[in-house]
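Observations on chain architecture
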Amino acid sequence: LHLSLRPLDTAAARELVARALQQDADQLGELIALIESWTGRNPFFIRRLLARLVSERLLAYDAATARWTWAIERIAAHPAVRDVGELLAGELTALPEPTRALLHTLACLGDRAADCLLAFSAGLDETALAERLAPAVATGFVASERDHWAFVHDHVREAVHAALPTAQRAAL
């Protein structure tokens, strides 16, 4: 089954950003416009970009005012990622090498794989498999679904697969 999803309409994209920042969309004008232009109103990309801006302290929660703050000039000048694949590739490189290697194996198996198949393919037992994938779970790249591991989004699998040199893909 392959679903082709369209970008959010402008109102839905504004609502997604407003809810994420717990503020009225009218107060987020320039920020929303910038995020929409960078993400093409892709909801997955919007959420990942917001998380990246928070992690880089370009968006910060001010507990004293109970509001998110930002300097639009700093965000606009940031060499931010304008492509979801590039954003994910950057997040992938921040993961430990053993986790990346396991994600490459999973990507070669498909968008999901049974615990036993992934463990066998990686030469691990299922407990070590879960431990090694923990950083990828924390990053929001994969999730455990009963007796399977799965990428949370096709963009994640595509970024992981693209990061693997062709010669290594064939070997896996």
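Residues numbered from 1 in each chain as written. Predicted model: local features only at pLDDT ≥ 70, side-chain atom pairs only at ≥ 80, totals over all residues. Heavy atoms only, no water.

This part is about the environment of E97. Locating E97 in the fold gives a position in helix α6 (residues 97-109). Residue class for E97 comes out partly exposed when judged on its relative accessible area of 45%. When the C-alpha atoms of E97 and R132 are compared, they prove to be 9.8 Å apart, with 35 residues separating the residues in sequence. In terms of polar contacts, E97 uses its side chain to reach the side chain of R100, at 2.5 Å. (Helix = DSSP H or I, 4+ residues; strand = E, 2+ residues; numbered from the N terminus. Buried < 20%, exposed > 50% of the residue type's maximum accessible area, 1.4 Å probe, protein only. Polar contact = N/O pair within 3.5 Å; in protein donor to acceptor, adjacent residues only side chain to side chain.)

We note that Q22 has phi near 50 degrees; this positive angle belongs to a residue other than glycine. Of note, Q22 is situated in the loop between α1 (10-21) and α2 (29-39). We classify Q22 as exposed; its relative accessible area is 62%.

On to the pattern of salt bridges, then. Tallied over the entire structure, the rule returns six salt bridges. For R52, the salt bridge identified is with E56, shortest N-O distance 2.6 Å. The class for E56 is partly exposed, based on a relative accessible area of 29%. The closest approach of N and O atoms between R100 and E97, which form a salt bridge, is 2.5 Å. Of the two residues, R100 and E97 are both situated in helix α6; the distance of three residues between them amounts to about one turn of the helix. (Salt bridge = Lys/Arg side-chain N within 4 Å of Asp/Glu carboxyl O.)

Moving on, we get to the sheet that holds strand β3 (residues 112-114). Read from one edge of the open sheet, three strands run β3-β5-β4, paired in antiparallel fashion. The outermost strands of the open sheet, each flanked by one partner alone, are β3 and β4 (142-145). In this sheet, adjacent strand axes meet at a mean angle of 20 degrees when their direction is disregarded. The pairing of β3 with strand β5 (residues 148-151) spans three bridges and is antiparallel. Bridging across to β5, A114 finds its partner in H148. Strand contacts of helix α8 (residues 126-139): β4 and β5, with the helix running at about 25 degrees to β5, the strand carrying the most contacts. (Pairing = 2+ DSSP bridges. Axes fitted to C-alpha atoms, helices over the stretch in contact; angles between N-to-C directions. Contact = heavy atoms within 4.5 Å.)

Turning to the packing of α6 against α8, a few remarks are in order. Remark: α6 packs on α8, axes separated minimally by 8 Å, with the N-to-C direction vectors making an angle of 100 degrees. Relative to α8, α6 is oriented roughly perpendicular. Facing P98, T99, L102 and L103 of α6, the residues of α8 in contact are L129, R132, L133, P135 and A136. Here the contact of α6 with α8 is built from residues that sort into seven nonpolar, one polar and one charged. (Parallel < 35°, antiparallel > 145°, perpendicular 65-115°, else oblique. Nonpolar A, V, L, I, M, F, W, Y, C, P; charged D, E, K, R; others polar.)

A few words on the packing of aromatic side chains. For any pair of aromatic rings, geometry is given as the distance between the ring centres together with the angle between the planes. The tally for this structure, following the rule as stated, stands at one aromatic pair. Seen from their ring centres, Y61 and W68 are 5.4 Å apart, and the 65 degrees between their planes marks the pair as edge-to-face. (Phe/Tyr/Trp six-rings, centres within 6.5 Å; stacked < 30°, edge-to-face > 60°.)

So, about the pairing of strand β2 (residues 67-70). Regular strands show a simple pattern: their side chains alternate between the two faces of the sheet. Direction of pairing for strand β1 (residues 59-62) relative to β2: antiparallel, over a ladder of four bridges. Across the sheet, the residue bridging to L59 is W70, located in β2. Where β1 folds back onto β2 in an antiparallel hairpin, the turn is made up of four residues, including A66, whose phi is positive at roughly 55 degrees.

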